[in-house]
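# Tertiary structure, described
Here is what each chain is made of, one letter per residue.
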Amino acid sequence: MASALPLLPAKTSTATTTISAFPENPKTLILEQCKTIKDLNKIHAHLIKTRLLLNPAIAQHLLESAAILVPGAMDYAMSIFQIIDEPSSPICNIMIRGFTLNQSPDEAIMLFKRMLEDSTKPDQFTFPCILKACSRLQALEEGEQIHAQIMKCGYGSHVFVENTLIHLYANCGRVDVARRVFDVMSERTIFTWNSMFAGYTKRGYWEEVVKLFQKMLELDVRFDEITLVVVLTACGRLADIELGEWIHEFIEANGLNGNHTLITSLVDMYAKCGRVDTAQRLFDQMSQRDVVAWSAMISGYSQANRCREALDLFNEMQKANVIPNEITMVSVFSSCAVLGALETGKWFHCFVKKRRMKLTVALGTALIDFYAKCGSIDTSIEVFYEMPLKNAMSWTVLIQGLASNGQGKRALEFFEIMREKNIEPNDVTFIGILSAYSHAGLINEGRSFFISMTRDFGIEPRIEHYGCMVDMLGRAGLIEKAYQFIRNMPIQPSAIIWRTLLGSCRVYKNVEIGEESLKHLVKLEPTHSGDYVLMSNIYASVGRWEDALKVRSQMKTKGIRKTPGCSSIELDGVIHEFFAEDNVHPNSKEVYNATENMMRWIKLAGYVPQTAEVTLDAEDDDREASLSHHSEKLAIALGMIRTSAGTTIRISKNLRMCRDCHNATKIISKVFGREIVVRDRNCFHHFKEGFCSCNDFW
């Protein structure tokens, strides 16, 4: 015990600044040993007592310590500054830096104005300091005025000043001006190049990033790890795998594999370029993986439509005790949306709430999209109202979700509110609105809106907008007008345009225009099986069996196989998949018995199997049995026996629902008192009490 006693005073003496033997030149003491406001008080008092404060250099050191080095001492620095008569440029520079570092850039600008009013001449260090303050505030006008002062004072060719000018203009969105400053510079450091890269990155000008890097290579300019991280990000956004691989080779050749940030950027680049397996190999080799690396990998799987693997990786991330961030959860909700995994997504939503993650614009918008794509549109609206901040994309996603879920009029109501709030719609918003007019059957209003896009909003229609118009006219049965609309389009119609028209021809049994549509589709996408099946069904619907057989024969001759229909249902967090006549499911016997029982009940309610469209698909004489074993019917049957009465059943299908399954599901919803939501390749179908939200057009 006795041996421990001397330790206590020793510890106490090192915790405070001792000034009993004050040095003649106190620079080191002030700038390195002064750690707290209490230390400042002691040193300040001693400087006043010894009149050393009258020495400008020592006063400057004390001010620098208070304004820049000691946390929370800016007010103390201001009290010192205010008693200095005629402060010099270096003194003012310290205060400008201090205000900027302490999140008061507006005070820095005010001080700079006072400097000019008091005729205190700025020096080469003043301008970088004040330009940083302008950059923080995005004060472009003040920055331009200071730029003029720089030229007037003759510091226009000073490298550090020019670098800060580039940063200012880039941060204020004037990348073009930043580039002009960059191009006229006689000397450029690596910081100069990286400042220009940062400007392009902030604005999302990824092509310019790649071009600038190529210029670096041409001029044989040295680059660093910061440069490579930015360029790898650009490669990911542009899917420039060739340049990305070149950088990967450079990293390996120069022994940079140990740079965690670089390897994470490589993972992100490969994942965004669709090379998910390569990204996974790099990811597995990493000795330490932070949230950025995990998020990049999960995002890669999500974007590659390998959504199950994305969710599996998220589970591994949790086991590794890595806390997810906003970017992680956006990818997770996106994956749940693609899979139609409502219950799993709900669990993740609870996880977000439990973690008290902020409902940012990106995360909130991802949640709106997830619920909408799972057919739970009312929950989408709830999330929308919960979001503290929303941007145009938040409104757009909700409007699109309402339209695709058959609530066109409600979507238009939200658009009106959006306009009342002066939120400027973008070209994607107009896709949602045109789709809403289409689903609501408001043809004349939709046409007027299409014209107003360019006239009132200055947005030139893209192929997607033209597709919405074709769908709108087709839904209304105006097949001839839809065909003429396509012929008069100022841009080349895509396969989706002609496929939309072909789908309308199927609904309204228009053989002639259907044949014309297929001709164009065969030229554009000759191996798309769905187009041949649609045309075959059109022939079958009007009794032209030979022509229907001929189309199927063409498919066989060309080696085109029909994509097998697959329906999935999520139960207790597990996704069950079914194919037509599928016996792979572990409970297939139970499912088939439930399906047969379900079909018996709906027959009593008036269901008549529609074998006309599927006759050619049947491989045996029992065509009716083949119809009853379509994948969506099997999935619905499993939902009926695994959920309690009244529970909504949600199905996702990879193809368009056939007419028989659509009619059968309408009757199932009425007979069993269930709401059934089916998301097929074209739209959402909300079946309730014998009706469907699509109004029998899909």
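Residues numbered from 1 in each chain as written. Predicted model: local features only at pLDDT ≥ 70, side-chain atom pairs only at ≥ 80, totals over all residues. Heavy atoms only, no water.

This paragraph deals with the sheet that holds strand 2 (residues 574-579). Read across the open sheet, the 6 strands follow the order 2-1-3-4-5-6; overall the sheet is mixed. Looking at the sheet topology across the chains shown, the edges are occupied by strand 2 and strand 6 (691-692). Here strand 3 (residues 649-653) pairs with strand 4 (residues 676-679) via 4 bridges, running parallel. Pairing of Ile651 across the sheet is with Val678, part of strand 4. (Pairing = 2+ DSSP bridges. Helix = DSSP H or I, 4+ residues; strand = E, 2+ residues; numbered from the N terminus.)

To continue, consider the nonpolar core. Judged by nonpolar contacts, the single largest core of 185 residues is most densely connected at Met329 and Leu501. Setting aside its immediate chain neighbours within four residues, Met329 contacts Phe314, Pro324, Phe348, Phe351, Val352, Met357 and Leu363. Counting residues in hydrophobic clusters, the runner-up holds 30 residues, among them Val591, Tyr592, Ala664 and Ile668. (Core = buried A, V, L, I, M, F, W, Y, C linked by side-chain atoms within 4.5 Å. Buried < 20%, exposed > 50% of the residue type's maximum accessible area, 1.4 Å probe, protein only. Contact = heavy atoms within 4.5 Å.)

For helix 27 (residues 443-457), built from 15 residues, the straight-helix expectation of 21 Å at 1.5 Å per residue is met to within 8% by its first-to-last C-alpha distance of 20 Å. Listed as buried for helix 27 are Ile443, Gly446, Phe449, Phe450, Ser452 and Met453. Contact partners of the buried residues in helix 27: helix 25 (408-420), helix 26 (427-440), helix 28 (463-475) and helix 29 (479-487). (Expected span 1.5 Å × (residues − 1).)

Scanning the entire structure with this criterion turns up 26 aromatic pairs. Between Phe430 and Phe449, the ring centres sit 5.1 Å apart and the planes meet at 35°, which makes this aromatic pair tilted. Of this pair, Phe430 sits in helix 26 while Phe449 sits in helix 27; the two residues are 19 residues apart in sequence, bridging distant segments of the chain. Phe449 carries the same exposure label as Phe430, and that label is buried. Grouping aromatic residues by their ring pairs yields a cluster made of Phe415, Phe430, Tyr437, Phe449 and Phe457. (Phe/Tyr/Trp six-rings, centres within 6.5 Å; stacked < 30°, edge-to-face > 60°.)

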